[in-house]
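# Remarks on the overall topology
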Amino acid sequence: MKKQLIHFIRLVNFEFERMIKFLFGIIAIVIVSNLIGSIIVPLSYMSEARETMSLESLNVTQFLEMYPSFSISTVTNSLWIYGPLALGISGFLFYSIYIWYREWLGKNTFVYRLLMLPIPRIFIFFSKLFTVFIGIFSLLSIQYVMIRLFYFISPSLVSSDLYKQVDVSEVISSHRAFAFLFPESFGLFAGLYSIGLVFLLVLFTGILLERSFRITGFIYGIVYAVISLVLIVLPSFIPTIFKNQYILYPSEILLLIIAAAIIVSVVSIFLSKYLLEKKITV
Amino acid sequence: MLEVKDVHKKFGRKKVLNGVSFTAQKGDITCLLGINGVGKTTILNAIMNLTPIQKGSILIDEQPQSPDMYNRIAFIPDAAIMLPHMTIKEAMAFMQDYYDVWNEKRAKDLIRFFRLKTSDKIQDLSKGNQAKVSLLVGLALDVDYILMDEPFSGIDIFTREQISEVFSSHLIADRGVIITTHEISDIEHLIDKVVLLGDGVILKEFYAEEMREQEGLSVVDVMREVYNA
Amino acid sequence: MNLILNKRDPIYLQVIQFLKQEIISDQLHPGQEMPSRRQLAQDLKINPNTVQRAYSEMEAEKLIYTEPNRPSKVTEDPILLKQLKSEWVNQAVKDFVNAIRTVDISIEEVTTMIQSEMNHTQLGG
């Protein structure tokens, strides 16, 4: 038992080391772009504000009546922040697929080595899952730290009468992506990341179906993903389907969604275990 | 003993193995012989549970396949299977991390035997030296059986000589070896048992020395008889 | 050690022949330790199992002997060694006679030729 745990931790560490260049690359892009944004956005706000004020001969009070003041939200709503975040998230989506296919592709077919390790093969599955999750969490933590950092940089570049203090929780809750990625309530947070986890489980299972049965498997994979999706969203459509809004309480619908998500996860794990043990081909 | 019993395998609709049965004893060098495309590699992959079979069974010392079998049987495929950017040293450390049966002393013996430098990166090595690294990580495991897929293909004559020396050396010791090849002449004197394969079936299974003693036939003579029949 | 093997005769017999020749020519002298079976296999580039078989046969013929936990040694029995030598020469003579049977030549002529060949080899060798 203990030995198996050590093997698993080593495998996660190994996968993490293989990801590190990619992860640091993404993180570097986020940091650099965020830093540039935190400087450029207030500067350009200031120059625009000055220009507008002089062109329209407005004083600060008049200006603020017609135009928005500067807050940290001004920074977070800029492309400097959205851009690398979108890049990072789509990067990880790509990486979730690449983390499997790289074992088969290229001159060195490492999948032989991985499958021949004297450990349960589902460890390979979980180590990859963990690694992607660690990567995404690292990216998001860095993003969160960057938001905090903006408070030390941007305000000093804007004249104080144009700056409006908005605290972090408000910046996040008013931001379309951040509100989603950094939800305030723990329930929402857990729910969101559980959905992310279920998504990865289904994606990995789909990949393993493709790797086991090739073209036919690709079709199985898509069918599997569609069924999983339908199963999870179905409860929210029950009132519509039965044309009866009162058929279930919202909490009951939520419970059904959770149940569906758990079923999909368990099926995904067992199906992946079965495929890795019995159906996979090098 | 390693037993392959009535193994059937299809890729899509194409039948690759059509009821393959043979055994390989511990202490013997067993050679799977046949032209390319008759399913030699597929048999090894099936033994190692690297590809599913539709029918039949594979037993290793009477036990079915399991993750623990990789501590008893090693496979050296005809491809580099360590990450290209790893140094030989890192590749060895990786093996040691997961295999209870990794034998560091033998690994060092092999490094010396093959004249390799552990600080070299695998991707910078010649094809012959990459093949040696593959052999190294397989042979350094204290397993009972070693499977090698075409260990002599595509490498120069000196490397080939060096690799065939392995077979008679203490590096193999008393383990069971199965090797596949389409070219017997290099190793005819080294092997115990020959399993002749034709299109997914076993055509003949025999001990080379018995064939010489009882029929006065060389392995190539038997091949000629079997394949021309 | 150099042994060119043919592919049709059992290798263990070829190895026995080879070792007998080594003993007769005193390359391996009475009482000397035989190379280990793996060592010999490696030197001759053959399978250790084959060497094992050759050693077993020679042991049965008492040409080599093995004390427990010791390497095998060449026999020191003078009668056996003598027998081995005469067997070897007998075989060579048989082969030779067989080879020249069809040639019209007298025994005296052959004796002279053998004499001169032997002198030659001794001088040369």
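Residues numbered from 1 in each chain as written. Chains lettered and ligands numbered in written order. Predicted model: local features only at pLDDT ≥ 70, side-chain atom pairs only at ≥ 80, totals over all residues. Heavy atoms only, no water.

### Brief notes about the overall build of chain C
Stated formally: Put simply, DSSP H or I for four residues or longer makes a helix, DSSP E for two residues or longer makes a strand, and each gets a number counted from the N terminus. We take the radius of gyration over the C-alpha atoms and set the globule estimate at 2.2 Å times the residue count to the 0.38 power.
Per the secondary structure count, chain C includes five helices and two strands. Ordered by position from N to C terminus, the α and β elements of chain C give α-α-α-β-β-α-α. Relative to the compact-globule value of 14 Å for 125 residues, chain C shows a C-alpha radius of gyration of 17 Å, a clear excess of over 25%. Seen through its principal axes, chain C has C-alpha atoms that stretch 55 × 35 × 30 Å.

### Quick look at the packing of helix α4 (residues 79–101) of chain A against helix α9 (residues 186–241) of chain A
All names here are of chain A. Note the threshold: What counts as an axis is a line fitted to C-alpha atoms, over the stretch in contact for a helix, and the angles between N-to-C directions run from 0 to 180 degrees. Helix crossings fall into two classes, left-handed where the near helix is turned counterclockwise from the far one by less than a right angle and right-handed where it is turned clockwise. The contact rule is simple, with two residues in contact once any of their heavy atoms fall within 4.5 Å. In this classification, the charged set is Asp, Glu, Lys and Arg, the nonpolar set is Ala, Val, Leu, Ile, Met, Phe, Trp, Tyr, Cys and Pro, and all remaining amino acids, among them Gly, are polar.
Packing of α4 against α9 brings their axes to within 10 Å, and their N-to-C directions diverge by 35°. For the pair α4 and α9, the sense of crossing is right-handed. Contacts from Leu-93, Ser-96, Ile-97, Ile-99, Trp-100 and Tyr-101 in α4 reach Phe-199, Leu-200, Leu-203, Phe-204, Ile-207, Leu-208, Glu-210 and Arg-211 in α9. In terms of residue class, the contact of α4 with α9 is made up of eleven nonpolar, one polar and two charged.

### Notes on the nonpolar core
Convention followed: Each nonpolar core is a collection of buried residues, namely Ala, Val, Leu, Ile, Met, Phe, Trp, Tyr and Cys, held together in the definition by side-chain atoms within 4.5 Å. Any residue under 20% of the maximum accessible area for its type is buried, any over 50% is exposed, and the rest in between are partly exposed; the area is computed with a 1.4 Å probe on protein chains only.
Counting residues in each nonpolar core, the largest one holds 132 residues, and the members touching the most others are A:Trp100, B:Leu2, B:Ile47, B:Tyr99 and B:Met148. In terms of residues, this core owes the most to one element, α9(A), which gives ten residues. In contact with B:Met148, other than residues within four places in its own chain, are B:Leu44, B:Ile76, B:Leu135, B:Leu139, B:Phe167, B:Ile172, B:Val177, B:Ile178, B:Ile179 and B:Thr180. Of all hydrophobic cores here, the second largest spans 30 residues; its members include A:Val41, A:Leu85, A:Tyr151 and A:Phe182.

### So, the confidence of the model for chain C
All names here are of chain C. Counted only if it meets this: pLDDT: the predictor's confidence for each residue, scored from 0 to 100.
Across chain C, the average pLDDT comes to 89, with 97% of residues at 70 or higher. Looking across chain C, the model is least confident in helix α5 (residues 107–124), with a mean pLDDT of 85, and most confident in helix α1 (residues 11–24), with 94. Across the interface, the model reports ipTM at 0.94; the global pTM reads 0.90.

### What about the pattern of salt bridges?
The line we're drawing: One speaks of a salt bridge when a side-chain nitrogen belonging to Lys or Arg is within 4 Å of a carboxyl oxygen belonging to Asp or Glu.
Summed over the entire model, instances satisfying the criterion amount to 29 salt bridges over all chains. For B:Glu150, the salt bridge goes to B:Lys40, with nearest N and O atoms at 3.7 Å. One end of the pair, B:Glu150, is in the loop between β6 (145–149) and α5 (157–168); the other, B:Lys40, is in helix α1 (residues 40–47), and 110 residues separate them in sequence. The closest approach of N and O atoms between B:Glu213 and C:Arg53, which form a salt bridge, is 3.0 Å. Remark: C:Arg53 occurs in helix α3 (residues 48–60) and B:Glu213 occurs in helix α6 (residues 208–215); the pair is interchain, linking two chains. We classify B:Glu213 as partly exposed; its relative accessible area is 33%. Here the salt bridges do not stand alone but share partners, grouping A:Glu15, A:Arg18, A:Arg102, A:Glu103 and A:Lys128 into one network.

### What to know about the interface of chain C and chain B
Rules: When two components associate, each loses some accessible surface as probed by a 1.4 Å sphere; the sum of these losses over both components is called the buried area. Residues adjacent in sequence count toward polar contacts only when both atoms are side-chain atoms; beyond that, a polar contact is any pair of N or O atoms within 3.5 Å, and within protein one must be able to donate a hydrogen and the other to accept it.
On the side of chain B, 25 residues touch chain C, which itself brings 19 residues to the contact. A combined buried area of about 1800 Å² lies between chain C and chain B, and 43% of that area is made up of carbon and sulfur atoms. When the area that chain C buries against chain B is broken down by residue, the three leading residues are C:Lys7, C:Arg8 and C:Arg38, summing to 35%. At the junction of chain C and chain B, the tally comes to five salt bridges. Remark: the boundary between chain C and chain B carries 14 residue pairs in polar contact (both at pLDDT 80 or more). Taken together, the elements giving at least two residues each to the side of chain C that touches chain B come down to α1, α2 (37–44) and α3 of chain C. Grouping the amino acids of the side of chain C that touches chain B by side-chain chemistry returns seven nonpolar, five polar and seven charged.

### A look at the domain arrangement of chain C
All names here are of chain C. For clarity, the threshold we go by: Residue ranges assigned to each domain were obtained from an automatic or database domain assignment.
For chain C, the assigned domains are domain 1 (11–74) and domain 2 (78–122). Of note, the centres of domain 1 and domain 2, computed from C-alpha atoms alone, are 26 Å apart. The partner domain 2 presents five residues to the nine residues of domain 1 that form the contact. Buried area between domain 1 and domain 2, both sides added, is near 740 Å², and the carbon and sulfur share of it is 85%. On the domain 1 side of the contact with domain 2, Lys-20, Ile-24 and Leu-63 bury the most area, a combined 53% of that side's loss. At the junction of domain 1 with domain 2, the criterion picks out zero salt bridges. Of the residues contributing to the side of domain 1 that touches domain 2, the split by class is four nonpolar, two polar and three charged.

### Some thoughts on the sheet that holds strand β4 (residues 55–60) of chain B
Residues and elements named next belong to chain B. Heads up, the condition is: Two strands make a pair as long as DSSP finds a minimum of two bridges between them.
Sheet architecture is open: three strands sit in the order β2-β1-β4, paired in antiparallel fashion. Of all strands in the sheet, those with a lone pairing partner are β2 (14–24) and β4, marking the two edges. If you compare each strand with its neighbour and ignore which way they point, the axes differ by 20° on average. The sheet contact formed by strand β1 (residues 2–11) and β2 spans eight bridges and is antiparallel.

### So, the interface of chain A and chain B
One frequently used descriptor of interface size is the decrease in accessible area upon assembly of the parts. With 25 residues of chain A in contact, the opposing surface of chain B contributes 26 residues. Between chain A and chain B, roughly 2400 Å² of surface is buried when both sides are summed, and carbon and sulfur atoms account for 60% of that area. The three residues of chain A that bury the most area against chain B are A:Asn108, A:Arg113 and A:Met116, which together make up 28% of that side's buried surface. The interface formed by chain A and chain B includes two salt bridges. In this structure, the connection of chain A to chain B is made through twelve residue pairs in polar contact (both at pLDDT 80 or more).

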